[in-house]
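# Survey of secondary and tertiary structure
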Amino acid sequence: MTAPVTAQRPARAARGTGRAGLLVRPALIGAGLLVLWWWAGSQQLDSIEARNVNGEVIGSQVLEHVELTLICTALTIAIAIPLGIAVSLSRSRAGRLVVLSLGNLGQAIPSIGLIVLLALVISIGVGTAVIALVAYAVLPVLRNTMVGIEGVDPVLTEAARGMGLSRLAVLFTVELPLAVPVILAGVRTALVLTVASAPLAALIDGGGLGEGLFTGLTLNRPVISVTFGVLVAALALLADWLGLLAETSLRPKGI
Amino acid sequence: MPESITGRPGETIELTDVTKRYPGQAEPAVEAVSMVIPAGEVVVLVGPSGCGKTTTMKMINRLIEPTSGTITIGGTDVLTLDPDQHRRDIGYVIQQIGLFPHKRIEDNIGLLPKRLGWSRSRVRARVAELLELVGLPADYARRYPRELSGGQQQRVGVARALAADPPVMLMDEPFGATDPITRDHLQNEFLRLQREVRKTIVFVTHDFDEALKMGDRIAVLRPRSVIAQYDTPEAILAAPADDYVASFIGAGGQLKKLALLRLRDVELAPAPRVGGLPRIVVDATVRDALDLMLGEGSDVVLVTGDFGDDAEVLGSLHLQTVMGAAAGKAGNP
Ligand SMILES: Nc1ncnc2c1ncn2[C@@H]1O[C@H](COP(=O)(O)OP(=O)(O)OP(=O)(O)O)[C@@H](O)[C@H]1O
Ligand SMILES: [Mg+2]
């Protein structure tokens, strides 16, 4: 009946374990960062390492990374949700297939390949990095928007149509609110994907934590690469946690 | 009361040669149906599964567009109306209830009135009025649907359909999903409600006993919604048009006839002066009285105005009268 599509499941765990469960994650991340800070501080740093592993460089790269992620995620949402709504509204099977295959294609290409390819075709720089990261993150949001809307019980849409709501009114009063948990699960996936892929931006001069990471790798300085690697991981976990928070607080009451 | 529940009385619905052919199907799902549904009456469509009841009903509110034929409500051809506008004037109760789970009961009921631009206070008053009408406590307004039982949800479904005071109601097996006791209770409440609101109601069911109880008229349908008989419950029981209709009535046709007859509509004999006779209220049916006679081994029962031992005795009913009632109805149409 419908193209085989698997959507990211909305989080339910946070509900079951209560609000306290949501506090464990940031505590663990904080502990990890403390360990990192203690370990890096205990190392003898040579001049190259000292130039990279210091508060100022780390601070500015984290900021760049977060900025890049926020811009990409905002663009991803702005493109994927309206597109997903439009495809669901049109009820066009062809449209659905085209959009999903394009999205799948985007994700099947390894992100590093996509970034380098785009840099070759367009140019190096932040703009290209943004395009590549967005192209990569659109699919989960798009897919979940479509699946979320299509997953609304047809009985409810018929009840809404039957009371005289227009197609658009049905979308906004019934379908979208009920699809929110599924859509947010897609956004969370996209967010984590972006944080974790954003280091690749440094390959084409796009800035972010990738700069430190690749410096460490190319100059064979494990202290640098481990520091920046752990920071990326911590950011990704934090992003996932923020996504979970959003899912728990924005889930409509009553469902 | 500024806004009375009985605000807009029912309007006559007329179907003329209405046919629906689903794309890619050899046989039409509904073929050339013509019927008049008089204003303020409950017409029950009854027939086997798949015979086209739902399709026929949904063509009235245009959730399904007829392939040919005309449908008018209050003389207006519904195909000339804007479908959304048209549906706002028709209450629709679906079998699966379909309350919006993310909206509180008050927002489920108040959704359409709000969209029609009613003021907040008017919507709130309407919700309170409807909750009372369907027999739910006022504080249920703040609950979510999943915090209600199935039967309670079904009542909210009816309240929601009545919200904008539509002259016409379509009810597709509205009490299908409940146990027999709740169902009986909801049916009684519904009949009480209808005596107040006097809407034109199209009511779909598979259950002939429910049809007998609810309908002012019953349309017994064959496949493709072809009408086998369209008449009052009494007339159908007294003279089924053919074997198909008779098979719907099933066994116990005489008892069903007695179940339609209320004691208040029967001529009672004066009460005898002997004590200890079984008592029954005047709201009960002749069938209930017969059941009581059989249970108590008495061929006469006292009919009272109300429950209780000190209620006023209106008269008595004899077994002979019961048999006469059955024969009389059966005898001459
Ligand atoms: N959307 C549709 N497309 C094609 N055929 C349909 C569609 N809806 C219903 N039908 C067919 O039309 C016929 C009548 O269906 P309908 O739903 O009106 O029956 P019904 O009398 O309401 O049955 P039930 O008592 O089981 O609800 C059935 O044979 C059904 O298979
Ligand atoms: Mg049906």
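Residues numbered from 1 in each chain as written. Chains lettered and ligands numbered in written order. Predicted model: local features only at pLDDT ≥ 70, side-chain atom pairs only at ≥ 80, totals over all residues. Heavy atoms only, no water.

Looking at an unreviewed UniProt entry, chain B carries the name ABC-type quaternary amine transporter, with the source organism given as Actinophytocola algeriensis. What the UniProt record of chain B gives under Sequence similarities (unreviewed entry) is the line "Belongs to the ABC transporter superfamily." (UniProt positions renumbered as here; feature names shortened; annotations may be inferred.)

The name recorded for chain A in an unreviewed UniProt entry is ABC-type proline/glycine betaine transport system permease subunit, from Actinophytocola algeriensis. Chain A has a UniProt comment under Sequence similarities (unreviewed entry) that states "Belongs to the binding-protein-dependent transport system permease family."

## Quick notes on the overall build of chain A
Each helix and strand counted, chain A has 11 helices and 0 strands in total. Shown N-terminal to C-terminal, the secondary structure of chain A runs as helices and strands in the order α-α-α-α-α-α-α-α-α-α-α. Structurally, chain A occupies a C-alpha span of about 75 × 50 × 25 Å along its principal axes. Considering chain A as a whole, with its 255 residues, one finds that 47% of them fall into the buried category. By sequence separation, contacts in chain A at least 24 residues apart represent 81% of the contacts at least 6 residues apart. Of the roughly 12,400 Å² of accessible surface on chain A, 70% is carried by carbon and sulfur atoms. Side-chain charges of chain A comprise 16 positive and 13 negative groups, with the mean position of each set lying 14 Å from the other. (Helix = DSSP H or I, 4+ residues; strand = E, 2+ residues; numbered from the N terminus. Buried < 20%, exposed > 50% of the residue type's maximum accessible area, 1.4 Å probe, protein only. Contact = heavy atoms within 4.5 Å. Areas by Shrake-Rupley, 256 points an atom, 1.4 Å probe, with all protein chains shown as cover. Lys, Arg positive; Asp, Glu negative; His and termini not counted. Charge placed at Lys NZ, Arg CZ, Asp CG, Glu CD.)

## Side note on the UniProt feature "transmembrane region" (unreviewed entry) in chain A
All names here are of chain A. Cross-referencing UniProt, the feature "transmembrane region" (unreviewed entry) maps to residues 22-40, 68-90, 111-139, 159-178 and 224-246 in the present numbering. Note that residues 22-40 is 100% helix and 0% strand, and that its end C-alpha atoms are spaced 29 Å apart. For residues 159-178, helix accounts for 80% and strand for 0%, while the C-alpha atoms at its two ends are 14 Å apart.

## Quick notes on the site of ligand 1
Residue and element names in this part refer to chain B. Near ligand 1, the surroundings consist of Y22, Q25, A29, S49, G50, C51, G52, K53, T54, T55, E173 and H206. Within the side chain of S49, a nitrogen or oxygen atom sits 2.4 Å from an oxygen atom of ligand 1. Within the contact set of ligand 1, an oxygen atom lies 2.9 Å away from a backbone nitrogen or oxygen of G52. When ligand 1 sits alone it has 640 Å² of accessible area, and the protein chains cover 60% of it. Split by residue class, the shell around ligand 1 holds 3 nonpolar, 7 polar and 2 charged. (Near = heavy atom within 4 Å. Polar contact = N/O pair within 3.5 Å; in protein donor to acceptor, adjacent residues only side chain to side chain. Nonpolar A, V, L, I, M, F, W, Y, C, P; charged D, E, K, R; others polar.)

## A few points about the sheet that holds strand β3 (residues 42-46) of chain B
Residue and element names in this part refer to chain B. Spatial ordering of the open sheet is given by β6-β7-β8-β3-β9-β10, a layout of 6 strands whose pairing is mixed. Either end of the sheet is taken by a strand with one partner, and the two such strands are β6 (90-93) and β10 (227-231). On average, each strand axis in the sheet is inclined to that of its neighbour by 15°, with strand direction left out of account. (Pairing = 2+ DSSP bridges. Axes fitted to C-alpha atoms, helices over the stretch in contact; angles between N-to-C directions.)

## Here we look at a negative patch on the surface
All names here are of chain A. On the surface, a cluster of negative charge is contributed by E64, E67, D205 and E211. Relative to the helices and strands, E64 is located in helix α4 (residues 55-90). Under the relative-accessibility criterion, E64 is labelled partly exposed at 33%. (Patch = residues over 30% accessible without salt bridge, like charges linked within 9 Å, V, L, I, M, F, W, Y side chains within 5 Å. Salt bridge = Lys/Arg side-chain N within 4 Å of Asp/Glu carboxyl O.)

## Some words on the packing of aromatic side chains
Residue and element names in this part refer to chain B. According to the stated counting rule, one finds 5 aromatic pairs over all chains in the structure shown. On the basis of an interplanar angle of 55° and a centroid distance of 6.3 Å, the ring pair of F208 and F248 is categorised as tilted. Taken as a pair, F208 in helix α7 (residues 208-214) and F248 in helix α9 (residues 243-249) lie far apart in primary sequence, 40 residues in all. Taken together, F175, F190 and F203 form an aromatic cluster joined through their ring pairs. One Lys or Arg, R222, reaches over the ring of Y244 and ends 5.0 Å from the middle of that ring. (Phe/Tyr/Trp six-rings, centres within 6.5 Å; stacked < 30°, edge-to-face > 60°. Lys NZ or Arg CZ within 6 Å of the ring centre and 35° of its normal.)

## Here we look at the side chain of B:T19
Looking at the secondary structure, you find B:T19 in strand β1 (residues 13-20). When its relative accessible area of 12% is taken as the criterion, B:T19 is described as buried.

## Let's talk about the packing of α4(A) against helix α11 (residues 222-250) of chain A
All names here are of chain A. α11 packs onto α4 with a crossing angle of 40° between their chain directions and a minimal axis gap of 12 Å. When the interaxial angle is binned, α4 and α11 end up oblique. Between α4 and α11 lies a crossing of right-handed hand. On the side of α4, the interface is formed by V57, I58, Q61, H65 and V66, while α11 contributes T227, F228, L231, V232 and L235. (Parallel < 35°, antiparallel > 145°, perpendicular 65-115°, else oblique. Left-handed = near helix turned anticlockwise from the far one by under 90°.)

## Regarding the environment of B:T205
Residues and elements named next belong to chain B. Inspection of the secondary structure puts T205 in strand β8 (residues 200-205). By relative accessible area, which is 2% here, T205 ends up buried. For T205, the side chain forms a polar contact with the main-chain nitrogen of D207, separated by 2.9 Å. A polar atom in the side chain of T205 sits 2.8 Å from the side chain of E210.

## What about the packing of helix α9 (residues 167-197) of chain A against α11(A)?
All names here are of chain A. Interaxial distance between α9 and α11 falls to 9 Å at its minimum, and their mutual angle equals 170°. Regarding the angle of α9 to α11, the classification is roughly antiparallel. Each of V180, P181, L184, A185, R188, L191, V192 and V195 in α9 lies in contact with α11, whose residues at this interface are V232, L235, A236, A239, D240, G243, L244, A246, E247 and L250. In the contact of α9 with α11, the residues fall into 14 nonpolar, 1 polar and 3 charged.

## Topic: the domain arrangement of chain B
All names here are of chain B. Its domain assignment divides chain B into domain 1 (3-256) and domain 2 (258-326). Placing a centre on the C-alpha atoms of domain 1 and another on those of domain 2 gives a separation of 34 Å. Facing the 7 residues of domain 1 at the interface are 6 residues of domain 2. Among the residues domain 1 hides against domain 2, the three largest losses belong to Q254, L255 and K256. Together they make up 73% of the total. Our count for the domain 1 to domain 2 interface comes out at 0 salt bridges. The tally of links from domain 1 across to domain 2 stands at 6 residue pairs in polar contact (both at pLDDT 80 or more). Breaking the side of domain 1 that touches domain 2 down by element, the ones donating at least two residues are α8 (233-238) and α10 (253-260). (Domains from an automatic or database assignment. Buried area = accessible area lost by both parts, 1.4 Å probe.)

## Observations regarding the pairing of β1(B)
All names here are of chain B. Across 5 bridges, β1 lies against strand β4 (residues 68-73) in antiparallel orientation. Within the sheet, the bridge partner assigned to L15 lies in β4 and is I71. Two elements, β1 and strand β2 (residues 30-37), share 5 bridges in a ladder whose sense is antiparallel. Looking at the pairing, V18 lines up with V33 of β2.

## Remarks on the pattern of salt bridges
Tallied over the entire structure, the rule returns 27 salt bridges over all chains. For A:E175, the salt bridge identified is with A:R167, shortest N-O distance 3.2 Å. For A:E175, a relative accessible area of 4% gives the class buried. Taking relative accessible area as the criterion, A:R167 reaches 23% and is therefore assigned partly exposed. Taking the shortest distance from any N to any O, the salt bridge between B:R264 and B:D283 comes out at 2.2 Å.

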